[in-house]
Structures are given as C-alpha cells and as structure tokens.
Amino acid sequence: MRMLLFCCAGWLLLIGCYGIVVSRNLIHTVICLVVCQSSTYLILLGIGYRSGGTAPVFSDTSPSTVVDPVVQALCLTDVVVSATVIALFLALALQAHKQHGTVDPDELTSLRG
Amino acid sequence: MSRRLRLAVFGLGAVLTGALLVIAFTGLPEFGTSHHPYGDRAVHTAVDEQKTSNAVSSVNFDQRAIDTMGEEFILFTAVIGTLVLLRELRREVEEGEVETELRRSPRGLSSTAYLTYAMLGVTTLTGLYVVAHGHLSPGGGFQGGVVLGTAIHLLYVGGGYRAIRKARPLHLYEIFDALGAGGFVVLGLAGAIVGGDLLANVLPLGALGDILSAGQVELLNALVGLEVASAVIVILARFLEQYAEVRIQGTAR
Amino acid sequence: MTAVIAVATVLTALAGTAVVFTHHPKRQALTLSMLGLMLTLVFVALQAPDVALSELGINALVVPMVILLVAEKIRARR
C-alpha cells in the first residue's frame, strides 16, 4: 500500500513516454511531456510527506510536526517555470507548422536548410 | 524506423525502466517516515532564526535563494525565446507582406461582461494579497504572479480582444519583466556587499508573524511576483495576437 | 497512507492516462485542465498548499489557454 503513490508516479512517467512515442501531433507530444513532469512532483512530495504532519506554515499554529518544506520549495518553482518552457515548445510547434505546413513529427524528420 | 519497430523498442525500454523504478521505490524510506533531517533543520532555521512563518518561502527566498535565482532566469530565458519565435511570425505583417484584420467573434452575454468587470478588481487584489503575504501564509511571488497575470485576462473574457488590447500596455510589461529579474540580482549583490555572501539576508528580521518580518523574503517575493505576472501577460499577449489577427483572404503568403 | 491520498493518487493516474489517449489538441487542453485539478487535490492531501496554488493557476488555466490558441491558429492556417 505504501508503494501506491510511487507506482502511480512511475505509471504517469511511462504513459507520458508512450504518448510521446506514438504521437502524431506536436502539440500532443508537448502535453505528454507535461504528464511526465507531473510524475516527478508526485515522487518529490511523496518523499517529503510525514504521517500526521501538517503544512509547514506557522501563521496560526505553533511549531508541531510538519512535512518537509524543502521538497515543496523545489516543486513550487518548477511548476511555474515549466509553464513558460511549455509555451516555448508550443511557439516552436507553431513555427514548424509555418515552415513545413505540418505538425506531424513523422513528417518533420529531415532537417532542410 | 517504422512505427511498429519504434513501439517494440519503446516497450522493451519501458519494461526495463519500470522494473528499475520498482526496485528503486522499495529502497526508499517508508512512506510517511518521520526521518527528515534537512527538513527539520530548515524549519528550525526558518522559524527560530529567520522569523519567517512560511517555511517554504524561507527555503525558497532565504536559505536556497540562489536556486530560485537560477529558476527565475530559466523563466526569463524561456519568455525571451518564445517572444523571438513569435516575432518571426509577426514580421510578415509588419513588413507589409500580409494584411490582417481582427477575428470576428460572436457577441457574448452582457451578464458575463458585467461579472468579469466586477471580478477584475477582486482578483487583482487577491493576487496582490497572495504576493504580499508570501512569508506569512501559503503564497508568494510565484503563485501571486500567476493570479495577477491571469486576472487581467478577465477583460478578454468580458470585452473581447479590443478591450484587452486597449487596457494592456505591452511595452510596460516587458520592462517590468526585466526589472523583476534584474532586481533579484541587484538585491543579491547588495547582500554580498553588506553581508559578505550573495543573497545574504541583511534586512531587519522583525518578529514572527508580523507583516514586516523575514527580511528580504518580502522584497524578493514582490520582485518575483512582478516578473512572473509580466511573463504570463506578455506570453499570452503574443499568442492572443497570433490567434485574433486573421490574414485577409487573398493577400500574399 | 490515508484513504484521501490513495483515492486522489489513483484519480491522478487515470487523468494522466486520459490526457495521453486524447489526440485532438483542443480536447486535450480540457483533459490537461482536469489533470491539473486532480494534481491540486493530491498536493493538498500531501499537505503542500503552496505547490497546490501554483499548480492550479498554471496547469488548469494558463497552459490550456495557450494550447487552445495555438491549436486554433494551426487549424486556421491549414
């Protein structure tokens, strides 16, 4: 039972990679990458969890058992930054469509000058 | 490589990776373990020494501020890359090769428009609150910046593309983006000059739970909030421009 | 492991599978929004409100909006 969280994270990673392999549309490929990224957040936060712990914020409580704040700090910046990187990929997909008229990765194989 | 062969190779790789992952996961500590050495020290430093109520903000902007600076510049660089790519698509219009007109969209309900205009102030205020109280309660520059960046697009929902184009001076937001990123580095260098280490927390720490506590965390929150909000607005603006301005039929490609 | 975390995790795995098997880009934006919502619930169950806040704003709002704009632009250019 304790492996459920980690196994679901592993499942998300592998199904995201499967989506990238069988993709027929660059936009679909990029979003499958987002699924892969979500698996890493699950693993990180799963490692940081403490049974019976609460959120590491002390504005209205006194110090008690809290979960690990370091992994939350890692995930938090990563979520926002990955959004801009996804926007960059989508702009690339738009540019690829303009240059070659297609967004099918199988047809975009040759690097034309 | 044919699709079938590619899928077979992937299947083999996935099975091996899955087996490795399962072996790795069984080696991890028990889920919900109480053994978090770094976490305990981080919480102790945040609450007792740095007087920050939100331990996550303390880790992000005080104890590991240099990592946040690196992440912020990843964001900045990705925004620059996106703008450069979309400007290439925009170049056709500006050089007169192609003419565009605004896409004709159906008129929305006036009740939607009134609701979005009413919610615009509330959402902006909520975003500013989240940024300003990042060191006290869950929130901070990143989350508040996203709220602020999306708040202004309520205008697009209620008034259409013309409304948001009128109310959003894009050059100003590009300047704000750079100010937020550069301000972070300037504050870090100031910390180096005064305190000896880059991004050292040299501002007064105050008392736990006060609005003016935790030294530089508040200031860095504001700068990051400015940068993230501007980045979201600028990126969405360029994509909206691509979508809303359609080429007039018959003009050259 | 509490029941809440277990249920939220299984829902996230299902949502991720749904995202991968949706091939039409505009519909995928919607399933991505659902994945963002499920992830927010998992993050709240794992006592991480900061991460949940940013996840909700980004994956349920900003990224689907960009996907919809790009998908429509590509469709219109064809």
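Just above, that's the structure.
Residues numbered from 1 in each chain as written. Chains lettered and ligands numbered in written order. Predicted model: local features only at pLDDT ≥ 70, side-chain atom pairs only at ≥ 80, totals over all residues. Heavy atoms only, no water.

Undergrad: Describe the overall build of chain A, and please don't skip the residues or the numbers.
TA: What chain A contains, in helices and strands, is three helices and zero strands. Each helix (α) and strand (β) of chain A, taken in turn from the N terminus, gives the series α-α-α. By the compact-globule yardstick of 13 Å for 113 residues, chain A is too spread out, its C-alpha radius of gyration being 19 Å. Counting only C-alpha atoms and orienting by the principal axes, one finds that chain A spans roughly 60 × 30 × 20 Å. The buried share of chain A, reckoned over its 113 residues, is 60%. Contacts spanning at least 24 positions in sequence make up 49% of the contacts within chain A whose residues lie at least 6 apart. Surface exposure of chain A reaches about 4,200 Å², of which carbon and sulfur atoms provide 64%. Averaging the coordinates of the 5 positive side-chain charges in chain A and doing the same for the 6 negative ones gives two points 5 Å apart. (Helix = DSSP H or I, 4+ residues; strand = E, 2+ residues; numbered from the N terminus. Rg over C-alpha atoms; globule rule 2.2 N^0.38 Å. Buried < 20%, exposed > 50% of the residue type's maximum accessible area, 1.4 Å probe, protein only. Contact = heavy atoms within 4.5 Å. Areas by Shrake-Rupley, 256 points an atom, 1.4 Å probe, with all protein chains shown as cover. Lys, Arg positive; Asp, Glu negative; His and termini not counted. Charge placed at Lys NZ, Arg CZ, Asp CG, Glu CD.)

Undergrad: I'd like a rundown of helix 2 (residues 25-45) of chain C, residues and numbers included.
TA: Look at helix 2 of chain C: 30 Å from first C-alpha to last across 21 residues, which is about the 30 Å you get at 1.5 Å a residue. Trailing helix 2 of chain C by a residue or two, Gln47 of chain C shows a phi angle of about 60 degrees, which is positive. (Expected span 1.5 Å × (residues − 1).)

Undergrad: Kindly report on a nonpolar patch on the surface, identifying the contributing residues and their values.
TA: A cluster of nonpolar side chains, contributed by Ile193, Val194, Val202, Leu203 and Leu219 of chain B, occupies part of the molecular surface with about 480 Å² of accessible area. In this structure, Leu203 of chain B sits in the loop between helix 8 (170-195) and helix 9 (216-244). (Patch = residues over 30% accessible without salt bridge, like charges linked within 9 Å, V, L, I, M, F, W, Y side chains within 5 Å. Salt bridge = Lys/Arg side-chain N within 4 Å of Asp/Glu carboxyl O.)

Undergrad: Which residues make up the interface of chain B and chain A, and what values do they have?
TA: The interface is formed by 55 residues belonging to chain B together with 48 residues belonging to chain A. Of the roughly 4,600 Å² buried at the junction of chain B and chain A (both faces included), carbon and sulfur atoms supply 73%. Looking at the side of chain B facing chain A, the largest losses of area belong to Arg3, Phe25 and Phe31 of chain B, adding up to 15% of the total buried there. Seen at the junction of chain B and chain A, the total is three salt bridges. Here chain B and chain A share 11 residue pairs in polar contact (both at pLDDT 80 or more) between them. For the side of chain B that touches chain A, the secondary-structure elements that each account for two or more residues are helix 1 (3-27), helix 2 (37-49), helix 3 (55-63), helix 4 (65-94), helix 6 (141-151) and helix 9 of chain B. Examining the composition of the side of chain B that touches chain A, we find that 13 residues originate from one element, helix 4 of chain B, more than from any other. (Buried area = accessible area lost by both parts, 1.4 Å probe. Polar contact = N/O pair within 3.5 Å; in protein donor to acceptor, adjacent residues only side chain to side chain.)

Don't take any of this as a statement about function, it's just geometry.
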